[in-house]
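Chains, contacts and geometry: an overview
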Amino acid sequence: MGFNYMYRDHEEYIESLNLMDLTIKANCNIYNYSLQKKDNGNVSFKSNLGCVSGFMNLAQNNAAFSTGVVDIAGMVAPRTAIDAQRNEHAGAETFRREIMGTLVNNVAPGIFALGIAAAMKPFMKMQTTIWANSETMDLLKEAWDKSGDTKEYVKNVLSGVKGLDGDKWTDLKMSVEKQDILINKMTDLIKINRDTVSEKGIIAQLKSKIKTYNDIKKGRKEVEALIGEQIKARNNIKISLNGSTKEPLETSLEHLVRDMRDMGEHIFTKAVNKGINIDTAISRLKKVNVTKSAGTLGILCVVDFCVQYVNRKITNKKTGKKGFVGYKDFENGDCELKDSNRKRNLNIGKALGVAALVGLNAVFIGRKNLVKKLEFKNAFANLNQIRLLFSAAVAGRIVAADDSNELRETSTRDFFSYFNWLVLGGIVAKGVAGKSDSTLLNNKDEGYKDRKGLDKICHWIQDISIKSHSEVLDINSGKLNNEVKVKLGILNKSIGAGLVYSTIVLGIGIPILNILLTNKKRDEELAALKLNTAPVLVKNKYTYKEKLNNQLFAAFIK
């Protein structure tokens, strides 16, 4: 029997864990387990990660945390503090710009997607708030078609799973006893009905729903632990059904278990019970996915594009002044660009900047299978979605730029952020981990040794990822011995190094560099302006004004 799992490098770093599936306990025992088998064959799970590991685990894997709290602490706060040194209005504008980026690109997508899906539910007459993407639906549908019941469906899916441990894909091999436990737990998990509430009264019904939610969450974690312990993988999974000619599905263990359960309960069971053909149900669900993805991204791209324009209008309204707020003499009110030639050059620069963004997305997102690439997989935007949303925000900042200095600052800050965060992100953490303990790295490319030059660099960026805390614990079946503690320590330092690097470079270094360059350019502009309006020397030591005064005085004497 084969089982496996796959972490999608930076994509899973940005989108990985659903916020609703995590609980942060007061004693800092965060998201992990100690696996112990009881006499009755049941499995119990006990959190045992400390505060540091818990923090780093969330920073590495949880989208809400890594792109929310970490973004605010490492980007919003330092950039705001640094720009506030220019003037209070610059600091306020920076805060609004950065915090809106976090909210629109990282928090809002899931809310909008869920809202659109929920709004379509009455028209579809079935559950629409399911996060499985179209590829996952097709694979699970194929597994269901080959099955006679839910238990057989579970067995068919799990038998085709492989997990990446280091640079090797490993089948899930279990004893008959453990295999039965796993299949039975997953089958029971699918049979839990969220809608079955027999209690009367709002409070009793709410308690029943909470209990059902907790039972599902607990069951999912137990299944993930049973699989992860065997294949030593959580973040890199691929599935290929027996006899299937389709390309293997790449996903994560968390997403696999979630999607198996949700599709099993809502589509293969409830939809059929409602008289809806499975093919029809999946067709409807795919339409929902396309609609919620296109609708969410369309709305938020417009919002992203307009944010800086609105931000600038707020500054103008508050101060009554126009021009780039980043100038040290902004409050003097002389910063508005009026030269027609410079305005024309500025517009050319804006057009080139927007064109560059389109080119970057064409390269890194691509046009092939674009709809699938932009599908939601959980309540947080995936890497390609964030690339698109972030590009819309940057395009808006470019178009809203008041002069060449602001355009240069925007280009320097945001294009570097695009490459560092959305392309090169995590490279420092991977480098530190690889140098300290190479077993902490997963490598998806079996032919990596033959790569050279730029190809080797691309391999390092795309195919190498760091093991998660759960995967490190899985090395020793969830037991926290000295070897595991050492590996967790290295993992924490590696992730911490990546966060520190991003904060120093993106949160502090780039803003300071921008201020230095802008102040230098502004001083040169003011000096040139003063020189152009200064008196011109004529003959000997007299200025034109002095000569004119002398002539007038002479005429007066006569």
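Overview of the structure. (Residues numbered from 1 in each chain as written. Predicted model: local features only at pLDDT ≥ 70, side-chain atom pairs only at ≥ 80, totals over all residues. Heavy atoms only, no water.)

Now for the overall build of the protein. For the protein, the helix and strand inventory stands at 19 helices and 10 strands. Considering only residue pairs separated by 6 or more positions, the protein has 75% of its internal contacts joining residues 24 or more positions apart. Per element, the accessible surface of the protein, about 27,000 Å² overall, is 59% carbon and sulfur. (Helix = DSSP H or I, 4+ residues; strand = E, 2+ residues; numbered from the N terminus. Contact = heavy atoms within 4.5 Å. Areas by Shrake-Rupley, 256 points an atom, 1.4 Å probe, with all protein chains shown as cover.)

Pairing is antiparallel in the open sheet, where four strands are placed in the order β4-β3-β5-β6. Whereas interior strands pair on both sides, the edge strands pair on one side only; in this sheet they are β4 (168-171) and β6 (249-251). Here the strands of the sheet are splayed against their neighbours by 30 degrees on average, with no regard to which way each runs. Here four bridges tie strand β3 (residues 161-165) to β4, and the two strands are oriented antiparallel to one another. Note on β4: the bridge partner recorded for D165 is K168. (Pairing = 2+ DSSP bridges. Axes fitted to C-alpha atoms, helices over the stretch in contact; angles between N-to-C directions.)

A surface patch of nonpolar side chains, amounting to about 540 Å² of accessible area, comprises M100, L103, V107, I111, F112, I299 and V303. Broken down by secondary-structure element, the contributors of at least two residues to the nonpolar patch are α4 (88-124) and α10 (278-319). Inspection of the secondary structure assignment puts M100 in helix α4. You can call M100 partly exposed: its relative accessible area is 30%. (Patch = residues over 30% accessible without salt bridge, like charges linked within 9 Å, V, L, I, M, F, W, Y side chains within 5 Å. Salt bridge = Lys/Arg side-chain N within 4 Å of Asp/Glu carboxyl O. Buried < 20%, exposed > 50% of the residue type's maximum accessible area, 1.4 Å probe, protein only.)

Let us look at the nonpolar core. Membership of the largest hydrophobic core comes to 49 residues, with the highest contact counts inside it found for Y153, M260, M263, I267 and F268. Elements with a contribution of two residues or more to this core: α4, α5 (134-145), α6 (150-158), α7 (176-191), α8 (202-231), β5 (237-239), α9 (253-273) and α10. In terms of residue count, the dominant contributor to this core is α9 (eight residues). In terms of nonpolar packing, the next biggest core, distinct from the first, is built from 17 residues, I386, A401, L407 and L422 among them. (Core = buried A, V, L, I, M, F, W, Y, C linked by side-chain atoms within 4.5 Å.)

Another point: the packing of aromatic side chains. The way to describe two aromatic rings as a pair is by their centre distance and the angle between their planes. Across all of its chains, the model carries eight aromatic pairs by this definition. Ring geometry for F324 versus Y327: centroids 5.2 Å apart, planes at 75 degrees, classification edge-to-face. In textbook terms, an aromatic cluster arises when at least three aromatic residues are bridged by ring pairs, as seen for W144, Y153 and F268. Residue placement shows K238 over the ring face of W169; its charged tip is 4.3 Å from the ring centre. Over the aromatic face of Y327 sits the side chain of R522, whose NZ or CZ is 4.2 Å from the ring centroid. (Phe/Tyr/Trp six-rings, centres within 6.5 Å; stacked < 30°, edge-to-face > 60°. Lys NZ or Arg CZ within 6 Å of the ring centre and 35° of its normal.)

Okay, the packing of α9 against α10 next. The interhelical angle for the contact between α9 and α10, taken along N-to-C directions, is 130 degrees, at an axis separation of 9 Å. Classified by the interaxial angle, the pair formed by α9 and α10 is oblique. Crossing geometry of α9 relative to α10 is assigned as right-handed. Taken together, the residues of α10 that come into contact with α9 (itself represented by M263, I267, F268, A271 and V272) are I278, A281, I282 and L285. (Parallel < 35°, antiparallel > 145°, perpendicular 65-115°, else oblique. Left-handed = near helix turned anticlockwise from the far one by under 90°.)

Looking at the secondary structure, you find F123 in helix α4. For F123, a relative accessible area of 70% translates into the label exposed. Between the alpha carbons of F123 and R284 there is a distance of 9.9 Å; along the sequence they are 161 residues apart.

Under the 1.5 Å per step criterion, the end-to-end length of α5 is 16 Å for 12 residues, consistent within 8% with the ideal 16 Å. Of all 12 residues making up α5, nine are buried, and the element is well covered by its neighbours. Regarding α5, the residues found buried are S134, T136, M137, L139, L140, K141, E142, A143 and W144. For α5, the elements touching its buried residues are α6, β5, β6, α9, α10 and α12 (370-373). (Expected span 1.5 Å × (residues − 1).)

Here the structure, examined in full by the defined rule, presents six cavities of 30 Å³ or more. Around the largest cavity, the lining comprises 16 residues; the ones closest to its centre are E93, R97, F324, E406 and R413. Those elements giving two or more residues to the lining of the largest cavity turn out to be α4, α10 and α14 (404-423). When the residues that make up the lining of the largest cavity are grouped by side-chain class, the tally is three nonpolar, four polar and nine charged. (1 Å grid on protein atoms, 1.4 Å probe; cavity = no way out; pocket = protein on both sides within 12 Å on 5 of 7 lines; lining within 4 Å. Points joined across faces, edges and corners; volume = space filled by probe spheres on them. Nonpolar A, V, L, I, M, F, W, Y, C, P; charged D, E, K, R; others polar.)

Glancing now at α7. With 16 residues, α7 should reach 22 Å at 1.5 Å per residue; the first-to-last C-alpha distance of 22 Å fits that figure. Residues Q179, I181, L182, I183, M186, T187, L189 and I190 constitute the buried set of α7.

Turning to its location among the elements, Q385 is positioned in helix α13 (residues 383-400). With near-sequence residues (within four places) excluded, Q385 lies in contact with L297, L374, E375, F376 and F380.

Attention now goes to the pairing of β3. The pairing of β3 with β5 spans three bridges and is antiparallel. Looking across to β5, one finds that G163 is bridged to I237.

Relative to the helices and strands, S252 resides in the loop between β6 and α9. One polar contact links the side chain of S252 to the main-chain amide nitrogen of H255, over a distance of 3.2 Å. (Polar contact = N/O pair within 3.5 Å; in protein donor to acceptor, adjacent residues only side chain to side chain.)

Moving on, we get to the packing of α6 against α9. It is at 12 Å that the axes of α6 and α9 come closest, and there the two elements cross at 150 degrees. Here α6 lies roughly antiparallel to α9, going by the angle between them. Here the hand of the crossing between α6 and α9 comes out right-handed. Taking contact as the criterion, the partners of Y153, V154, V157 and L158 in α6 are, on α9, L256, M260, M263, G264 and F268. When grouped by side-chain class, the residues that make up the contact of α6 with α9 number eight nonpolar, one polar and no charged.

As a further point, take unusual backbone geometry. In this structure, K232 is a non-glycine residue whose phi angle is positive, near 55 degrees. Of note, K232 is situated in the loop between α8 and β5. Of note, the phi angle at N369 is positive, near 55 degrees, even though the residue is not glycine. Examined against the element boundaries, N369 turns out to sit in the loop between α11 (340-364) and α12. Under the relative-accessibility criterion, N369 is labelled partly exposed at 47%.

Structural measurements only, silent on function.
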